[in-house]
Amino acid sequence: MSLNLLIKLQVSVEEKIKTAPDNAYIIGVWIGNILPFVILVGLAYWMFSKAKNRKLDE
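Thresholds, definitions, all that
Residues numbered from 1 in each chain as written. Predicted model: local features only at pLDDT ≥ 70, side-chain atom pairs only at ≥ 80, totals over all residues. Heavy atoms only, no water. Helix = DSSP H or I, 4+ residues; strand = E, 2+ residues; numbered from the N terminus. Buried < 20%, exposed > 50% of the residue type's maximum accessible area, 1.4 Å probe, protein only. Patch = residues over 30% accessible without salt bridge, like charges linked within 9 Å, V, L, I, M, F, W, Y side chains within 5 Å. Areas by Shrake-Rupley, 256 points an atom, 1.4 Å probe, with all protein chains shown as cover. Salt bridge = Lys/Arg side-chain N within 4 Å of Asp/Glu carboxyl O. pLDDT = per-residue confidence, 0-100.

Trainee: Help me understand the overall build of the protein chain, please; the structure alone is not making it clear to me.
Mentor: Check the secondary structure of the protein chain and you find 3 helices and 0 strands. Counting every position in the protein chain, which comprises 58 residues, the buried fraction comes to 2%.

Rendered as structure tokens:
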């Protein structure tokens, strides 16, 4: 059920870029696609550093 919903909600980035009104919109689409990845990498780094510091404190 959720897989069908996920497939329906996926947005084609190429289609958005083709129909973009100006360059600012393209930059916004690019940032919107990169931002979740950056947040996940930051969260992973924070969790790694907390775990490493906890191990060193023992």
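On we go from here.
Trainee: Teacher, can you tell me more about a nonpolar patch on the surface here?
Mentor: On the surface, a nonpolar cluster with roughly 890 Å² of combined accessible area is contributed by I27, W30, I31, I34, L35, F37, V38, I39 and V41. Take W30: it is sitting in helix α3 (residues 23–57). Among the residues examined, W30 registers a relative accessible area of 56% and is labelled exposed.

Trainee: Mind showing me how you'd approach the confidence of the model for the protein chain here?
Mentor: Should pLDDT be low for a region, the predicted coordinates there are not to be read in detail. Averaged over every residue, the pLDDT of the protein chain is 82; the share at 70 or more is 79%. Here helix α1 (residues 2–9) stands out as the element of the protein chain with the lowest mean pLDDT, 68, in contrast to α3, whose mean of 88 is the highest.

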